[in-house]
Amino acid sequence: MPTPDQTRIAAQRAVPRIVALWRALRPLQTTVSFMNSGAHPDDEISDMLAALSWRDGIDLSYVCANRGEGGQNDIGTEATTALGTLRTAEMERAAEVLPLRLYWLSEHPEDAIFDFGFSKSGEETLRNWGRERTLRRFVEVIRAEMPDILCTTFLNVPGQHGHHRAMTQAAHEVFDLAADPSYAPELGAPWEIAKLYLPAMSGAGQAYDDDLPPPPATLTVPAAGTDPVTGWDYAQIGQQSRACHRTQAMGRWVPSGAGRDIPLHLAQRRTSGADDTVSAGLPAALNALDSAAKADLAEAEAQIARAMAAFPDQTVILEAATAALTALRRAAEARNPPRSAHRIARKITQLSTLIRIAAGVEVRGRCDTALLNPGETTDWALEAFAETAEITVTPHLPPDWSQTEAGIGPDAEAAPSDPYPPIFLPDAPPAPALRVVTRALGIESESFLPFETPPLVQPARSLVCDDTRIVVNRAAPPETIEIPLHDIRPHGAQAGITLPEGWQAEPTATGLRVALPADLTDRLYRLPLTLDGAPAHESQLIAYDHTAPRLLSRPAEVQIRVLEATPHTGRIGYIGGGNDRVDHWLSAVGADVTALEDRELGDAAALAQYDTLVIGIFAIRMRPGLAEALPAIHHWVEEGGTLLTLYHRPWDNWDASRTAPRPLEIGQPSLRWRVTDERAEVTHLVPDHPCLTSPNVIGPADWEGWHKERGLYFAKSWDAAYTPLLEMADPDEAPHRGALLAAEIGAGRHIHCALILHHQMERLTQGAFRLMMNLTAPRPR
């Protein structure tokens, strides 16, 4: 898939050569390494990391527990592992900006270290993840990366997210475990972290509310300065990185001069003396390393200093960099203890990048095909130019790929592309990539660059099913179900489905038709799909313009939820913001639903066609024109319409005094206004209210089998017109009553629901469909 020229031009403009040259020089200043730890993609302390890297040249890494599968999605409908795949790609782009080496504790989509939803307890989190599994993987990462410093993003205090608390608790434990030669020797040689820092600042905000004050600051990282070449503040560079987390609506404008310094607390150490900078007590220079090649290291240090002093003179920088590389290669051949050897190796990699840039080498490679099946090949095109060097560019391929005259491609038994790579190194992009050998001033060096759009490998037996989750409502059951299938590979393979006893299936021109038995029972059926009798896989291409495309492959199956939800006869108008599929699921259980067009939002005649309006999650912010149309919608309610607003956050254009027909304030931080226990007992405060009785009587069974949590951003306060209908609480907390509110407004009704019904319907949770049918039922006129 060739990259459009406009995209290529924008990428070139984003990193002028003088900036690339400056950036390549910065990490040569020091041998100190710094690892930040967090639970989710976007937990990194971006402004501090930008200062440590862009100004101080410290070698950065970030260890992240999970892929953020339980987070929000501001740009699409991907959820769980699909969202985790997208957020992994976002985190990689964010890592490139700083740059930092990225490690994940979670290694695959089925990993127990999963973003299972909001938690308020670190101990609960570690139980869910598996305490020993978490510590072992954390130790494995430490021993592989060998950081001098480990710094957590959050504190382990009440009021903070349980996942954050778990990672901070684990950081204290791995400080000792990673250094213990008797602990899991199969995970690598022991490594002693020199210092463990905690943030000496509160993590409170829109989502969290630390109950305890932070520890005292023992030092402050000055992060409020400005990069002298770009003119960007370090806070602005941090936001350039954070803006890659678009699913989480990250990235905010920071005016020049509005950055902050970061206070840290030294919690544990293996150094001595004053600790007035993060590098204090550590070997920061090459000639300070323990090595048998002191003279070579001193020579390399002197040449690096010469290169840095010569900026922006490419000629002098190239001369000094090649001389430094030669000296370091001699040093690398000497006997060096592990604490020195890996630092020398990284400086060799960094110098190789500097040489390529200083020599004016420009390399771009692109493949003709974006998606490949095992055994297929793609042609690839190369643009290569060098001002003062000779270059050789070859494909750097995975072990199960080959290069032939026809191009490059995966072997017949090649594995599908990994949606959850456990490591991402900006200076060593995953294969397939480009290997660039630069010959300058008689010295060869090697560096790697990614293809503009790296091709992805599909499973050998794959298909696409447009509807993998199906609801069958026994209140009006169909006789058959159509399962559309396409993009079947290998071509001509016969699709099949594994069915329960008494079910039947036949092929159609578009897929499969399943005949249902008359004696269906309420339950969830998981029906594997096959090709020529063998298990089939389904792949989901996840492609956005701010990340590289990803392919999520998993065993192909159709899930069928059989339930009984009595429908109503009202006509529903759905106003979505692109973040849920509530209209689809209401239609699936027999409701009459129409998605409103933008022109209808404030049109009284158009609104009059509907008995009920549903405003989807985040839609008041996401849907153009909706906020301006609310007065017309309020009038429609007064005239007899039923309005259902699904959960919104305070920043989703929700005005406590004007968004709802009567004043209604959403609570924040979310930690204080949510119930994270999906099994929490639910009390009906008004058992005979129509929302709980008509057309479906909601009972205990409807609150069973929920996923992730009950709800969040519950209402904090509301007008006397509203009646709270439910009460629920997390363990050892005061009960909440703001999850479901109903008010009679003139001849109509407004219902505000902060339960995550949209998510429960995606998970085919029976009670969510029955309750949603009630909430959308029109008020009798």
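So, here's what we can say about the structure. (Residues numbered from 1 in each chain as written. Predicted model: local features only at pLDDT ≥ 70, side-chain atom pairs only at ≥ 80, totals over all residues. Heavy atoms only, no water.)

### Remarks on the sheet that holds strand 23 (residues 511-515)
Here is step 1: Strands sit in the order 22-23-20-18-26-27 across an open sheet of six strands; the sheet is mixed. Strands at the two margins of the open sheet, each flanked by one partner only, are strand 22 (504-507) and strand 27 (550-555). Adjacent strand axes in the sheet meet at a mean angle of 35°, parallel and antiparallel pairs treated alike.
Here is step 2: In this sheet, strand 20 (residues 480-489) lies alongside strand 18 (residues 462-465) in antiparallel orientation, the contact comprising three bridges. Pairing of S462 across the sheet is with R489, part of strand 20.
Here is step 3: Here helix 4 (residues 80-97) sits on the sheet in contact with strand 26 (537-542) and strand 27, set at roughly 150° to strand 27. (Pairing = 2+ DSSP bridges. Helix = DSSP H or I, 4+ residues; strand = E, 2+ residues; numbered from the N terminus. Axes fitted to C-alpha atoms, helices over the stretch in contact; angles between N-to-C directions. Contact = heavy atoms within 4.5 Å.)

### Concerning the environment of G576
Here is step 1: Inspection of the secondary structure puts G576 in the loop between strand 29 (571-575) and helix 12 (582-588).
Here is step 2: Using a relative accessible area of 11% as the deciding quantity, one classes G576 as buried.
Here is step 3: Sequence spacing of G576 and F618 is 42 residues, and the spatial spacing of their C-alpha atoms is 8.3 Å.
Here is step 4: Sequence-distant contacts of G576, that is, excluding residues within four places in its chain, are made with A619 and R623. (Buried < 20%, exposed > 50% of the residue type's maximum accessible area, 1.4 Å probe, protein only.)

### Some words on the pairing of strand 19 (residues 469-473)
Here is step 1: Summarising burial for strand 19: four of the five residues are buried, a large majority.
Here is step 2: In this structure, strand 19 lies alongside strand 28 (residues 557-563), joined through five bridges in parallel fashion. Residue pairing across strands places V471 opposite R561, the latter belonging to strand 28.

### Some remarks on the nonpolar core
Here is step 1: Within the largest apolar cluster, 74 residues are counted, with the highest numbers of intra-cluster contacts made by I633, L726, L755, L757 and L775.
Here is step 2: In this view, L757 contacts W706, A768, L771, M772 and L775; residues no more than four positions away in its chain are not counted.
Here is step 3: Counting residues in each nonpolar core, the second largest holds 47 residues, with L25, L286, L328 and V393 among its members. (Core = buried A, V, L, I, M, F, W, Y, C linked by side-chain atoms within 4.5 Å.)

### A short note on the packing of helix 5 (residues 122-129) against helix 6 (residues 131-145)
Here is step 1: Interhelical geometry of helix 5 versus helix 6 gives an angle of 85° and a closest axis separation of 6 Å. As far as their axial angle goes, helix 6 and helix 5 are roughly perpendicular. Facing helix 5, whose interface residues are E123, L126 and W129, helix 6 presents R131, R133 and T134.
Here is step 2: Partitioning the contact of helix 5 with helix 6 into residue classes produces two nonpolar, one polar and three charged. (Parallel < 35°, antiparallel > 145°, perpendicular 65-115°, else oblique. Nonpolar A, V, L, I, M, F, W, Y, C, P; charged D, E, K, R; others polar.)

### Concerning the packing of aromatic side chains
Here is step 1: Summed over the entire model, instances satisfying the criterion amount to eight aromatic pairs.
Here is step 2: Relative to F311, the ring of W22 has its centre 5.1 Å away and its plane inclined at 50°; by these criteria the two rings are tilted. Of this pair, W22 sits in helix 2 (residues 17-25) while F311 sits in the loop between helix 9 (294-310) and helix 10 (314-333), placing them 289 residues apart in sequence.
Here is step 3: Assessed through its relative accessible area of 11%, W22 is described here as buried.
Here is step 4: Aromatic side chains W503 and Y525 sit 4.9 Å apart centroid to centroid with 55° between the ring planes, which places their arrangement in the tilted category. Of this pair, W503 sits in the loop between strand 21 (495-497) and strand 22 while Y525 sits in strand 24 (residues 523-531), placing them 22 residues apart in sequence. In this pair, the class of W503 matches that of Y525, namely buried.
Here is step 5: Stacked on the ring of F175, the Lys or Arg R270 has its end atom at 4.2 Å from the ring centre. (Phe/Tyr/Trp six-rings, centres within 6.5 Å; stacked < 30°, edge-to-face > 60°. Lys NZ or Arg CZ within 6 Å of the ring centre and 35° of its normal.)

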